[in-house]
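Chain by chain, the residues run as shown.
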2 protein chains.
Amino acid sequence: MIIKGFSFAAVAAGIKYPDRLDLGLIFSDEPAVTAGVFTTTQVKAAPVLIDMERLRQGRSQAVLVNSGCANACTGREGMNNALETGRLLAEQLGIEQDMVLLSSTGVIGAQLNMPAFRSNLKPLVEALSPDGFEAVARAIMTTDTVPKTVFRREMIGGREVGFMGMAKGSGMIMPNMATMLAFVVTDARISYSELSRALKSGVQESFNRITVDGDTSTNDMVLVLANGTADNDWIDDTATPAYETFQNVLEEILKDLALQVVQDGEGATKCITIRVCGAKENGHAEIMARTVANSNLVKTAFFGEDANWGRIIAAMGRSGVRFNQDQVDIAFGDVVLVRNGLGLGPEVEAEAAKILREKRFTVCIDLKDGNGCEEIHTCDFSIDYVKINADYRS
Amino acid sequence: MIIKGFSFAAVAAGIKYPDRLDLGLIFSDEPAVTAGVFTTTQVKAAPVLIDMERLRQGRSQAVLVNSGCANACTGREGMNNALETGRLLAEQLGIEQDMVLLSSTGVIGAQLNMPAFRSNLKPLVEALSPDGFEAVARAIMTTDTVPKTVFRREMIGGREVGFMGMAKGSGMIMPNMATMLAFVVTDARISYSELSRALKSGVQESFNRITVDGDTSTNDMVLVLANGTADNDWIDDTATPAYETFQNVLEEILKDLALQVVQDGEGATKCITIRVCGAKENGHAEIMARTVANSNLVKTAFFGEDANWGRIIAAMGRSGVRFNQDQVDIAFGDVVLVRNGLGLGPEVEAEAAKILREKRFTVCIDLKDGNGCEEIHTCDFSIDYVKINADYRS
């Protein structure tokens, strides 16, 4: 798929490893309306700090992204390096420096390999092509086992609008070093405040609804660039059908990418949705779902394919959400194995264990105490997770 | 070691497995002043609920404890079963029912094996002996690899006072199913309010300072029984040297047991103290130390013996505690590998990696922003942790 006005390139710059795509570029012929959402951690990588500042203008024309080095905890030198990569790229592209956004992912505490950048920015720009999107999706991978992309076309404001999204996540969401990045480009014509609002609400329902290990990255970011070449009626009011369609499509794209990230979770063998219903409020349901989804004991039981609902109810108990234990139902897929707080016995557990052998299933917890309902997506916790993370740097 | 007036027994009752000590009894000839601290989770096991009620009287004479079954999430039947075991034991001992405390550890959601209790309470009582303490410490083990005990004698209030403590913890602190129990008996003569205060402050500095996997049990409890047979001057005022000595000794005993639990952490290969200094307040230091100590990425790096300080600073960044990244120092043992937020390079990291090969070391984080300082003790996160917890019930 191609979106008019956008081009892409990736090269193997040897930033950390040789012969591996590790430097990518997203370029818009004209300044594109751009919104971003960034990691909430206090320890933000240099590129995150730069982008947060530059996005105040709501526009950008290029995103330069590298894997292999996070450029986090690198002090003044790291900041100067990041600024220099942006300056050199702007020269190559013939655009203003502050129209360049920067993104990095990889090991924390190491400085950028500047010779690799200096010698590869020219070939990178020369390689720009409308169909280079997949190559960039590969260049941002770290411990990812597959590139993650999504493509959509939708009628919005009287025109067919295209969307292309990519993400990387080494299986850690809320991750700390292999970190999560996502970029979406679209030819929609939309003003900044609407784009920003659609992105924030979409991230809330997608990347903020997944977890792999509860850690938070120094480098997380999601960027959306909209260049307006679809020539649709301007989306500049949230109270319009066009905005609503745009927001829904963007949310679906972000959800799709987010689930791809969980499915490729480090060491993950399955993807599990924890749904909490019947809570007094949505917020309560979310806190409880998140506590269950992050419990190592629950996640190792999923890996062991053990229908160990005791670990689920124990995690619920420490979530801080008040509930009546004697009216809790728990189902794995369509098998209810706990009714009113009591297990329904070994035969039902054996049925539930069959669900656990599937690659993708839902655990539904019903508190029967209200209408609050939320879902969090997680993966299991395997021996390979420990292997990957005990070995990551070596 | 023997403490006058206390006797102990353990038998292999076959509660879950045959030929394994799984039922223990602590008995005091006379009612002993008794204080307890219990799990803060909402989902409390039946024995926890019973003990919390019974301890309002501040006295007890017997503690009946079993492994193999947590008697949690077992509804009215579980509560009735627990009460019946207490009633039957009281008959055998010839004491009041409400002088019996109950404690269970094991799988959540299963009902107590009542025939095993009914047929074994008489032999259990008959086996009571002043030197049966170690046998009870064995009977409470689940995935523990060693029994955990501590013995002390100390001059308090003009007499030599004895202390014997035991704990079990399957390597999970804040655990959910293999759960943490600790019992201390002493012949100190102390009134309830002083005993209770000393226990609460001691637990705060010991069991509340360790973590294995961040999960919280349905069955956690720490009980202290003081029968007064040492005939020391009554400890009934916290503003006395006798109270101070008592509190210090109790705290040391609880710390000793707590560290034994971390060292025997499920799959643990090393025990690590995370010390945060230079925080604005102690509370800030504790929150940050706890976040680092619970990070799966930090703990897998410890297992991999990788001096990956980036994961530590990333965990600090998401802790919610405000700090100035540019003045952070991090040391492994006596090797400072981060100064003012920047890594000191591969040679220093290689030195730090040597510290990681030790069984026991401290990671010191200095924020240089005040006098707040706290420690949390944790263990590494190994492949065996996943194996143990993926297989626990099968």
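Description of the structure in this document. (Residues numbered from 1 in each chain as written. Chains lettered and ligands numbered in written order. Predicted model: local features only at pLDDT ≥ 70, side-chain atom pairs only at ≥ 80, totals over all residues. Heavy atoms only, no water.)

What to know about the overall build of chain A
Within chain A one finds 11 helices and 15 strands. Here the C-alpha atoms of chain A give a radius of gyration of 22 Å, agreeing with the 21 Å that 2.2 N^0.38 yields for 394 residues. Viewed in the frame of its principal axes, chain A has a C-alpha envelope of about 70 × 55 × 35 Å. Evaluated residue by residue, chain A yields a buried proportion of 63% over its 394 residues. In chain A, 80% of the contacts between residues at least 6 apart in sequence involve partners at least 24 apart. Of the roughly 13,800 Å² of accessible surface on chain A, 47% is carried by carbon and sulfur atoms. In chain A, the 38 positive side-chain charges and the 51 negative ones have mean positions that sit 3 Å from each other. (Helix = DSSP H or I, 4+ residues; strand = E, 2+ residues; numbered from the N terminus. Rg over C-alpha atoms; globule rule 2.2 N^0.38 Å. Buried < 20%, exposed > 50% of the residue type's maximum accessible area, 1.4 Å probe, protein only. Contact = heavy atoms within 4.5 Å. Areas by Shrake-Rupley, 256 points an atom, 1.4 Å probe, with all protein chains shown as cover. Lys, Arg positive; Asp, Glu negative; His and termini not counted. Charge placed at Lys NZ, Arg CZ, Asp CG, Glu CD.)

Describing unusual backbone geometry
Even without being a glycine, D231 of chain A presents a positive backbone phi close to 65°. Relative accessible area serves as the criterion here: at 44%, D231 of chain A is assigned to the partly exposed category. Residues other than glycine seldom take positive phi values, yet D19 of chain B does so here, at roughly 55°. You can see D19 of chain B is positioned in the loop between strand 1 (6-11) and strand 2 (23-38).

Looking at helix 1 (residues 46-54) of chain A
Buried residues of helix 1 of chain A: A46, P47, V48, I50, D51 and R54 of chain A, and no others. Elements that come into contact with the buried residues of helix 1 of chain A comprise strand 2 (23-38), helix 2 (75-93), strand 4 (100-107) and strand 9 (221-226) of chain A.

Comments concerning the interface of chain A and chain B
Contact with chain A, which involves 51 residues of that partner, is made by 53 residues of chain B. Note on chain A versus chain B: buried area summed over both sides is about 4,300 Å², and carbon and sulfur give 54% of it. Between the two partners, chain A and chain B, sit zero salt bridges. Where chain A meets chain B, there are seven residue pairs in polar contact (both at pLDDT 80 or more). (Buried area = accessible area lost by both parts, 1.4 Å probe. Salt bridge = Lys/Arg side-chain N within 4 Å of Asp/Glu carboxyl O. Polar contact = N/O pair within 3.5 Å; in protein donor to acceptor, adjacent residues only side chain to side chain.)

Concerning the sheet that holds strand 13 (residues 360-366) of chain B
Either a parallel or an antiparallel arrangement is found when strands of a sheet pair, and the pairing is made through backbone hydrogen bonds. Residue and element names in this part refer to chain B. Spatial ordering of the open sheet is given by 12-11-10-13-9-14, a layout of six strands whose pairing is mixed. Edge positions in the open sheet fall to strand 12 (342-343) and strand 14 (372-379), since each of these has one partner strand only. The pairing of strand 9 (residues 271-279) with strand 13 spans seven bridges and is parallel. Bridge pairing links T273 to T362 in strand 13. The strands that helix 6 (residues 241-263) touches are strand 9, strand 13 and strand 14; relative to strand 14, the one it contacts most, it runs at about 45°. (Pairing = 2+ DSSP bridges. Axes fitted to C-alpha atoms, helices over the stretch in contact; angles between N-to-C directions.)

Function-wise, these values are silent; they only describe arrangement.
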